[in-house]
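Letter by letter, the chains look like this.
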Amino acid sequence: MSCFQWSKEMSVGVAALDSDHKCLIRIIDLLHDIRDHEDSQRMIETVLDTLLLYGRHHFAREERVMAACRFPGRAFHHSEHQGFAKYIQGLRKRFKGKGDPKMASELLNYLSDWLRHHILIQDMAFKPFVLGKPQAEDVARAAGPSLLDMADGVAIRAV
C-alpha cells in the first residue's frame, strides 16, 4: 500500500529533481511495507544506506541547480539538507548491528514529514527561480543520472 502518490503539484519544474523526489516516495513506500517482512533488519539497513547515498547525490544536484539559478535561499536550504544527512547518519549508527523494531516506524514518520515539509514547502520556494530556465535542466542533468533510474537496478530493487 502506497503512502504517497506522485502528483504534478509535487513538481519543482526540473525533471531530474522530480525524478529524485519520486525515488524518495518509493523509499517511503518500502518502509511502509517493511513491518510485514521477515528480514526487516536487513531491509532497514539497506534503506538507511540508500538514504545516505540519496541525500548526497540529490542534495548536491539540487544545490547546483539553485546556485545556477541564483536562488537566494540556498544557505537555509543547504542547512536543511545537512540536518537530513546528520539525522540519517545517526539512525544508521544507532541501528548498526543491533536492530531496532521501532526504527522502521520512526524513519517512515521522519521521511513522511520531510516530504511534506521540505519538498512540498521548502523546495517549492525555488520553483519560480528554475521554471522555464534551460540552465536548471542542464545543470541537473550534468549532476548525474536520475536516482529513480539508478534505483531500478540497485539498492531499492534489492530491498
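All residue numbers refer to positions counted from 1 along the written sequence of the respective chain. Note on the predicted model: pLDDT of at least 70 is required for a residue's local features to be given, and 80 or more for side-chain atom pairs to be given and counted; whole-chain, interface and lining totals, by contrast, use all residues. Remark: hydrogens and water are excluded; side-chain values derive from all non-hydrogen atoms of the structure.

**A few points about the nonpolar core**
Part 1 of the reasoning: In this structure, L24, L31, L51, L107 and L111 are the most contacted members of the largest nonpolar core, which totals 29 residues.
Part 2 of the reasoning: By the criteria applied, helices consist of DSSP H or I runs no shorter than four residues and strands consist of E runs no shorter than two, each listed in order from the N terminus. Sorting the residues of this core by element identifies α1 (15–34), α2 (40–68), α3 (74–95) and α4 (103–122) as the ones contributing at least two each.
Part 3 of the reasoning: Looking at which element gives the most residues to this core, the answer is α4, with eight residues.
Part 4 of the reasoning: Apart from the residues within four sequence positions on either side, L24 is in contact with L51, Y54, L111, W114 and I119.
Part 5 of the reasoning: Nonpolar cores are built from buried Ala, Val, Leu, Ile, Met, Phe, Trp, Tyr and Cys residues. Side-chain atoms within 4.5 Å join them into one set. Exposure classes here rest on a 1.4 Å probe applied to the protein chains alone. A residue is buried below 20% of its type maximum, exposed above 50%, and partly exposed in between. Judged by nonpolar contacts, the second largest core, of 13 residues, contains V12, V14, C69 and V130. By the convention used here, residues are in contact when the closest approach between their heavy atoms is within 4.5 Å.

**Quick word on the packing of aromatic side chains**
Part 1 of the reasoning: Think of it this way: a Phe, Tyr or Trp ring, Trp meaning its six-membered ring, pairs with another when their centres are within 6.5 Å, and the plane angle makes it stacked under 30 degrees, edge-to-face over 60, tilted otherwise. What the rule picks out here adds up to eight aromatic pairs.
Part 2 of the reasoning: With centroids separated by 5.9 Å and ring planes inclined at 40°, the aromatic side chains of F84 and Y110 adopt a geometry described as tilted. One end of the pair, F84, is in helix α3; the other, Y110, is in helix α4, with 26 residues separating them in the sequence.
Part 3 of the reasoning: Plain terms: the ring middles of Y87 and Y110 are 3.9 Å apart, the flat faces sit at 20° to each other, and that makes the pair stacked. Residue Y87 is found in helix α3, and its partner Y110 is found in helix α4; the two are separated by 23 residues along the sequence.
Part 4 of the reasoning: The partly exposed category is assigned to Y87, whose relative accessible area is 26%.

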